[in-house]
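# Analysis of the macromolecular model
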2 protein chains.
Amino acid sequence: MAKRQRRGSQRVTMGEVARLADVSPSTVSLYLRRPDEVSAHRAEQIQSAIDRLGYLPNVMAGGLASSRSRVIGVLVPTVTNSFFSETLETLERHLRDAGYQLLIGNTEFDEAREEELVRSILSWNPAGLVLTGFGHSRKTHALLSQSATPVVEMWDYGQPGLDMVVGFSHHACGRLIAEHLLAQGRRRTAFVSTHFQRDVRAQNRYHGFRDTVEAAGGTVVLQQLSGRSHAEETGRLTGELLEAHPEIEAIACSNDMVALGVLFECQRQGLAIPARVAVAGFGNLDFTASTVPPLTTIEPPRHEIGRRTARLLLDSLTRRIDGDARRLDLGVRLVVRESA
Amino acid sequence: MAKRQRRGSQRVTMGEVARLADVSPSTVSLYLRRPDEVSAHRAEQIQSAIDRLGYLPNVMAGGLASSRSRVIGVLVPTVTNSFFSETLETLERHLRDAGYQLLIGNTEFDEAREEELVRSILSWNPAGLVLTGFGHSRKTHALLSQSATPVVEMWDYGQPGLDMVVGFSHHACGRLIAEHLLAQGRRRTAFVSTHFQRDVRAQNRYHGFRDTVEAAGGTVVLQQLSGRSHAEETGRLTGELLEAHPEIEAIACSNDMVALGVLFECQRQGLAIPARVAVAGFGNLDFTASTVPPLTTIEPPRHEIGRRTARLLLDSLTRRIDGDARRLDLGVRLVVRESA
DNA sequence: CACGTAAATCGTAGCGCTACGATTTCGGTC
DNA sequence: GACCGAAATCGTAGCGCTACGATTTACGTG
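First, a word on scope: everything that follows refers to the structure included in this document. (Residues numbered from 1 in each chain as written. Chains lettered and ligands numbered in written order. Predicted model: local features only at pLDDT ≥ 70, side-chain atom pairs only at ≥ 80, totals over all residues. Heavy atoms only, no water.)

## Some thoughts on the overall build of chain A
- Check the secondary structure of chain A and you find 12 helices and 12 strands.
- The C-alpha atoms of chain A give 26 Å as radius of gyration, which overshoots the globular expectation for 340 residues (20 Å, by more than 25%).
- Dimensions of chain A, computed from the C-alpha atoms along their principal axes, are close to 85 × 50 × 35 Å.
- Out of the 340 residues belonging to chain A, those deemed buried represent 56%. (Helix = DSSP H or I, 4+ residues; strand = E, 2+ residues; numbered from the N terminus. Rg over C-alpha atoms; globule rule 2.2 N^0.38 Å. Buried < 20%, exposed > 50% of the residue type's maximum accessible area, 1.4 Å probe, protein only.)

In structure tokens, the structure reads:
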């Protein structure tokens, strides 16, 4: 086991490296920040001193001195949701490759918590901030606008936003599904969803769906789960739904996990999919291609959001981005399989 | 939009708060660090100055001065995996409540990448570090042992470890499943798994399974997916497996996602579960209770790992933890449903 | 080979805060 | 009201680094 040294044991300092390399600390600092501005000879000396001493720069000291940090804060509702975690992973890779560290926080769908997290992240003097969606408290708005930190709101599109926006329209997703079902002549529909309080984006998809179906003279029964998509509850609610509304011929789900629950419930009840009732999801999760029957769903650009968010943020750090380029609608794709 | 101020616009400083509150900066600092050591009167003055100015402490300055930071680094293979992300969420909540920020990194199952991440996190002088599992490069070992940072290795148990350990035995998981299947008289088995290179823990579960089955005179056919659990490939490989080994009467899967793929493939082939072939998973993911038939699986202590890791780490920061208390085996629970 | 210019290197002054010893304030006592 | 100990407050000296102007070095030129 590591033997405990004195508290806060800051290892080797830049000065020690400088002494060993027989240069001034400034030169070491310069070498680390802009290696091509020191001569090849010194570079070699310095690097070997660094290696020999196992020097690690002290980020806090550097950050304090330069009053900026290679930190980017990212707030998602929950890393537990595979949509966000996949975006997060891509985002992390791209930002880290550019030399940034991610400070991640789970807002847990709570604006007050988000505000606290924003506060705590701003304490780091972050180079940028990534938030999920448009829902923020007044105070959060105030904090952000007085801090001058570049901000990207991701995973949504269609509102003005604080600064930069990378996402897609959830309303359009709902419309897309609705149009697909209507084209099959299905007008009696239901929308089974996680609770809107836990997911405003699901609510937007619902609105897009409902507006489109109703505009075509169809009906929509909304069934909301009490919390996050819990398979058991999904099954039960679907059962109740179909009993109360036997006329329903299509079920749109707020996401693929809900759709999976619906699928299994239909199996249990012996309802043929899509003959008796069509089922559609959202997310194009890995398993959807091989359910029985394969699930019709929507592919959101989860990785593309991460990639473009990283790029936009990094770009905004080096040059002025204006107008249109600050807002990206990445769109979605309907994946038609057999279930609808 | 926020108007850009001068670069690195550090907002209000502690000195400004002090001036407005008519006390010295030291008193403000003291108030922030140990509020009960300043008089009620001053406390009130200071707090109101803080509120009025919207003061946010500068973490970098504080960290530099005290040469410690309220940062804890966490490295997981990928946040995309729901096991890790759930642990992460719990860990985050607990550590944040204790005033710590998480610096998260995805190792992507790559020791070299992990080493880089460890290096980058050590630059922050973290109060602690959480790693996943026991597999680390030599250099990582060296870095950690010379840094004196408390380290918890989580999600595994049964090896000495670097410092502290919170997890459970994957070998035991495999054994548990095997014993359950053997008790039903099933001796011709298969193990369908994500690729071991992406998941040593799956390999350990396999070893536990195989050892137990073989010790009872049974057989195990191993089928490894090429990468992460991809449902389509799972279906295909399961098909091939059952064709090549029609005698197989039980399939253990490295996780529930794989099991889901197997389930659907059996449905497609019209094989009755569990009559013709039993299927068991690992993870007790949300959907497993309502598949058709419901899936027998193992419940790993995903949240408990987060909770206990947080507690152990925090405890180790305030007092000496010794011997036994540094290594926690949280165990697992077999969840018997209908599929096996 | 003195000179000029550009490239390389260096010295200094903080960045905003904390640690800690020094100083002041506050009640209570005699 | 002078005196005391404890509590509250303050002043100072950095933490390790970066920014930037000052200085030195290198190198080609007349």
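On we go from here.
## Some details on the relation of the copies chain B and chain A
- Turning chain B through 180° and shifting it by 0.0 Å along the axis lays it on chain A, with an RMSD of 0.0 Å. Both chain copies can therefore be described as sitting about a two-fold axis.
- Comparing interface residues between copies, 99% of those in chain B also sit at the interface in chain A, which points to an isologous, same-surface contact. (Least-squares fit on C-alpha atoms with pLDDT ≥ 70 in both. Contact = heavy atoms within 4.5 Å.)

## Comments concerning the nonpolar core
- One finds Ile72(A), Val74(A), Phe209(A), Ile72(B), Val74(B) and Phe209(B) to be the most contacted residues of the largest nonpolar core, which totals 98 residues.
- Not counting the four nearest positions on each side in its chain, Val74(B) is found in contact with Leu88(B), Leu91(B), Leu102(B), Leu103(B), Ile104(B), Gly105(B), Ile121(B), Val130(B) and Met154(B). (Core = buried A, V, L, I, M, F, W, Y, C linked by side-chain atoms within 4.5 Å.)

## Notes on the sheet that holds strand E9 (residues 278-280) of chain B
Residue and element names in this part refer to chain B.
- The 4 strands are arranged E7-E6-E8-E9 in an open sheet whose pairing can be described as parallel. Looking at strand neighbours, the two that pair on one side only are strand E7 (219-224) and E9, the edges of this open sheet. Put simply, the sheet's adjacent strands are angled 20° from each other on average, direction ignored.
- Both strand E8 (residues 250-253) and E9 contribute to a ladder of 3 bridges, which runs parallel. By the bridge assignment, isoleucine 251 is partnered in E9 with valine 279.
- Docked against the sheet, helix H9 (residues 200-215) engages strand E6 (188-193), E7 and E8, running at close to 175° with respect to E6. (Pairing = 2+ DSSP bridges. Axes fitted to C-alpha atoms, helices over the stretch in contact; angles between N-to-C directions.)

## Overview of the protein's contact with DNA strand D
- Taken together, 23 residues are adjacent to DNA strand D, and Met14(A), Arg33(A), Tyr55(A), Thr27(B) and Arg42(B) come closest.
- In the interface set of DNA strand D, defined as its atoms within 4 Å of the protein, sugar plus phosphate atoms amount to 70%.
- Here a phosphate oxygen of DNA strand D and a side-chain polar atom of Arg33(A) are 2.5 Å apart.
- For DNA strand D, a base nitrogen lies 2.8 Å from a polar atom in the side chain of Ser26(B).
- Of all the secondary structure elements, the ones that give two or more residues to the surface near DNA strand D are helix H2 (25-33) and helix H4 (59-66) of chain A together with helix H2 (25-33) and helix H4 (59-66) of chain B.
- Residue composition of the surface near DNA strand D, grouped by class: 9 nonpolar, 11 polar and 3 charged. (Near = heavy atom within 4 Å. Polar contact = N/O pair within 3.5 Å; in protein donor to acceptor, adjacent residues only side chain to side chain. Nonpolar A, V, L, I, M, F, W, Y, C, P; charged D, E, K, R; others polar.)

## Comments concerning the sheet that holds strand E7 (residues 219-224) of chain A
Residue and element names in this part refer to chain A.
- Read from one edge to the other, the open sheet built from 4 strands follows the order E7-E6-E8-E9, with strand pairing classed as parallel. The sheet is open, and its two borders are formed by E7 and strand E9 (278-280), each paired with just one other strand. Adjacent strand axes in the sheet meet at a mean angle of 20°, parallel and antiparallel pairs treated alike.

## With respect to the protein's contact with DNA strand C
- For DNA strand C, the set of nearby residues contains 23 residues, the closest of which are Thr27(A), Arg42(A), Met14(B), Ser29(B) and Tyr55(B).
- At the protein interface, 70% of the atoms of DNA strand C within 4 Å belong to sugar or phosphate.
- Side-chain polar atom of Tyr55(B) to a phosphate oxygen of DNA strand C: 2.4 Å apart, as the coordinates give it.
- Contact distances for DNA strand C include 3.3 Å between a base nitrogen and a backbone N or O atom of Ala61(B).
- If you list the elements that add at least two residues to the surface near DNA strand C, you get H2 and H4 of chain A together with H2 and H4 of chain B.
- A total of 4 residues in the surface near DNA strand C trace back to one element, the largest contributor, which is H4(B).
- In terms of residue class, the surface near DNA strand C is built from 9 nonpolar, 11 polar and 3 charged.

## What about a negative patch on the surface?
- On the surface, a cluster of negative charge is made up of Asp97(A), Asp110(B), Glu111(B) and Glu116(B).
- Its location among the elements puts Glu116(B) in helix H6 (residues 111-122). (Patch = residues over 30% accessible without salt bridge, like charges linked within 9 Å, V, L, I, M, F, W, Y side chains within 5 Å. Areas by Shrake-Rupley, 256 points an atom, 1.4 Å probe, with all protein chains shown as cover. Salt bridge = Lys/Arg side-chain N within 4 Å of Asp/Glu carboxyl O. Lys, Arg positive; Asp, Glu negative; His and termini not counted. Charge placed at Lys NZ, Arg CZ, Asp CG, Glu CD.)

## Quick word on the interface of chain B and chain A
- Between chain B and chain A, the contact holds 74 residues from the first and 73 residues from the second.
- A combined buried area of about 6700 Å² lies between chain B and chain A, and 53% of that area is made up of carbon and sulfur atoms.
- By the criterion of area lost to chain A, the three top residues of chain B are Met60(B), Trp124(B) and Phe264(B), representing 10% of everything that side buries.
- For the pair chain B and chain A, the interface holds 2 salt bridges.
- Note that Arg93(B) and Glu108(A) form a salt bridge whose closest N and O atoms lie 2.7 Å from each other.
- Scanning the region where chain B abuts chain A turns up 19 residue pairs in polar contact (both at pLDDT 80 or more).
- In terms of residue count, the dominant contributor to the side of chain B that touches chain A is helix H5 (residues 82-97) of chain B (7 residues).
- Of the residues contributing to the side of chain B that touches chain A, the split by class is 29 nonpolar, 26 polar and 19 charged. (Buried area = accessible area lost by both parts, 1.4 Å probe.)

## Overview of the packing of aromatic side chains
- Per the counting criterion, the structure on display carries 18 aromatic pairs over all chains.
- Note on Phe83(A) and Trp155(A): the rings are 5.7 Å apart at their centroids and 45° apart in plane angle, and the pair reads as tilted. Of this pair, Phe83(A) sits in helix H5 (residues 82-97) while Trp155(A) sits in the loop between strand E4 (151-154) and strand E5 (164-167), and the two are 72 residues apart along the sequence.
- Exposure remark for Trp155(A): the relative accessible area of 2% places this residue in the buried category.
- Feature note: the residues Phe83(A), Phe84(A), Trp155(A), Phe168(A) and Phe282(A) constitute an aromatic cluster, connected by ring pairs.
- The side chain of Arg70(B) reaches across the aromatic face of Tyr100(B), ending 4.3 Å from its centre.
- For the cation-ring pair, Arg205(B) lies above Phe282(B), with the distance from its terminal atom to the ring centre recorded as 3.8 Å. (Phe/Tyr/Trp six-rings, centres within 6.5 Å; stacked < 30°, edge-to-face > 60°. Lys NZ or Arg CZ within 6 Å of the ring centre and 35° of its normal.)

## Remarks on the pattern of salt bridges
Residues and elements named next belong to chain A.
- Tallied over the entire structure, the rule returns 30 salt bridges over all chains.
- Across the pair glutamate 37 and arginine 34 runs a salt bridge whose closest N-O atoms are separated by 3.0 Å.
- By relative accessible area, glutamate 37 is classed as partly exposed at 48%.
- One salt bridge connects arginine 210 with aspartate 211, and the closest N-O pair in it is separated by 3.1 Å.
- Residues joined by salt bridges that share partners form a network here, namely Glu86, Glu299 and Arg302.

## A look at helix H8 (residues 170-183) of chain B
All names here are of chain B.
- The terminal C-alpha atoms of H8 lie 20 Å apart, and with 14 residues this matches the ideal 20 Å at 1.5 Å per residue to within 8%.
- When we look at burial in H8, the residues that qualify are His170, Ala172, Cys173, Gly174, Ile177, Ala178, His180, Leu181 and Leu182.
- Against H9, E8, E9, strand E10 (297-299) and strand E12 (333-335) lie the buried residues of H8.
- Where H8 starts, the residue carrying a side-chain oxygen 3.4 Å from the main-chain nitrogen of histidine 171 turns out to be serine 169. (Expected span 1.5 Å × (residues − 1).)

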